[in-house]
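One letter stands for each residue in the lines below.
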Amino acid sequence: MAKVKMSKKMTAIDMTAMCDVAFLLLTFFILTATARQPEPLPVDTPASTVQTKLPESDLATITVGDGKVFFGVSGQNVRKRTLEMMSEKYGITFTEDEKQRFALMESFGVPIESLNSIIAMSSADRIAANQPGIPKDSTNNQLGDWVRNARLATIEIADTELKVAIKGDAKEEYPAIKRIMDILQDQKINSFNLVTGLRGDEF
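Residues numbered from 1 in each chain as written. Predicted model: local features only at pLDDT ≥ 70, side-chain atom pairs only at ≥ 80, totals over all residues. Heavy atoms only, no water.

**Q** How should the overall build of the protein be read in this particular structure?
**A** When you go through the protein residue by residue, the secondary structure sums to seven helices and six strands. Start at the N end of the protein and walk to the C end: the helices and strands fall as α-β-β-β-α-α-α-α-α-β-α-β-β. Looking at the 203 residues of the protein, the share that counts as buried comes to 36%. Across the protein, contacts joining residues at least 24 apart in sequence account for 68% of those joining residues at least 6 apart. (Helix = DSSP H or I, 4+ residues; strand = E, 2+ residues; numbered from the N terminus. Buried < 20%, exposed > 50% of the residue type's maximum accessible area, 1.4 Å probe, protein only. Contact = heavy atoms within 4.5 Å.)

**Q** When you look at the environment of Leu194 in this model, what are you seeing that I'm missing?
**A** Here Leu194 lies in strand 5 (residues 193–194). The exposure class assigned to Leu194 is exposed, which follows from its relative accessible area of 52%. It is 8.8 Å that separates the C-alpha atoms of Leu194 and Val164, two residues lying 30 residues apart in sequence. Apart from the residues lying within four places of it in its own chain, the contact partners of Leu194 are Ile166 and Met181.

**Q** Could you clarify how one ought to interpret the sheet that holds strand 4 (residues 163–168) in this entry?
**A** Adjacent strands of a sheet pair through backbone hydrogen bonds, lying either parallel or antiparallel. Pairing within the open sheet is mixed, and its four strands lie in the order 3-2-4-5. Edge positions in the sheet fall to strand 3 (68–73) and strand 5, since each of these pairs with one other strand and no more. Strand contacts of helix 6 (residues 142–158): strand 2 (59–65) and strand 3, with the helix running at about 10° to strand 3, the strand carrying the most contacts. (Pairing = 2+ DSSP bridges. Axes fitted to C-alpha atoms, helices over the stretch in contact; angles between N-to-C directions.)

**Q** What is the right way to look at the environment of Gly75 in this model?
**A** Looking at where Gly75 falls in the secondary structure, it is placed in the loop between strand 3 and helix 2 (76–90). For Gly75, a relative accessible area of 33% gives the class partly exposed. Each C-alpha atom, one on Gly75 and one on Ala103, is 7.8 Å from the other, the two residues being 28 residues apart in sequence.

**Q** How should the packing of aromatic side chains be read in this particular structure?
**A** Two numbers describe a pair of aromatic rings. These are the distance of the centres and the angle of the planes. Summed over all chains, the structure comprises five aromatic pairs. When the centroid spacing of 4.8 Å and the interplanar angle of 65° are considered together, the rings of Phe108 and Trp146 count as edge-to-face. In this pair, Phe108 is assigned in the loop between helix 3 (96–103) and helix 4 (115–120) and Trp146 in helix 6, connecting sequence segments 38 residues apart. You'll find Phe108 and Trp146 in the same group, each marked buried. Within the aromatic cluster, the residues linked to one another by ring pairs are Phe71, Phe102, Phe108 and Trp146. (Phe/Tyr/Trp six-rings, centres within 6.5 Å; stacked < 30°, edge-to-face > 60°.)

**Q** Explain the pairing of strand 3 to me, please; I cannot follow it from the model alone.
**A** Successive side chains on a regular strand alternate, one facing one side of the sheet and the next facing the other. The element strand 3 is largely enclosed, with a buried count of six among its six residues. Neither face of strand 3 is open: one carries Lys68, Phe70 and Gly72, the other Val69, Phe71 and Val73, and all of them are buried. As paired strands, strand 2 and strand 3 are joined by six bridges and run antiparallel to one another. Directly across from Gly65, in strand 3, lies its bridge partner Lys68.

**Q** Teacher, can you tell me more about helix 3 here?
**A** Residues that lie three or four places apart on an α-helix share one face, since the helix turns once every 3.6 residues. All buried positions along helix 3 are accounted for by Glu98, Lys99, Phe102 and Ala103. With its buried residues spanning 140° around the axis, helix 3 presents them on a single face. Residues of helix 3 that are buried in the fold lie against helix 2, helix 4 and helix 6. (Arc of directions from axis to C-beta.)

Structure below.
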């Protein structure tokens, strides 16, 4: 008796809907993502197993590397108010446009006398510029004034204490880091964060 051959049916899956969803998600993530700004002073932080996250607001970051010190504070209103206080202390005038541009800067590393020229630069030029660092010695301690005024501005605007983080290069000499700690302790800041990189498990 002859075998009956069964006709084979081709099964096809319509992937159109899945492709649409994938491209919609991809478009959403591209449009909502914020580009990470390159740091004006890149540092190689020491490794650590601690995974404590830094606060996202009311934070001042002091970056130390290559013998230079950079300063940055979170919050545009706090940055602008801090600049106004520094302007009053040092007698250097900043226009309203310069204050607005400064409020967008995440960090900088120049004496206040040279700050106008850095503010006038574009973001790319500012990163490429050779910023000498903020003075921190005993005769010209501008870093201490930036920290003090940033604390006052944070209390005035956010009604909270400013937290401080030190981001030091792993190859930086200890005296440079100690000088930063001395400046903080002079202002009774005995609690601060040390920024480190995450170290993998060692076997």
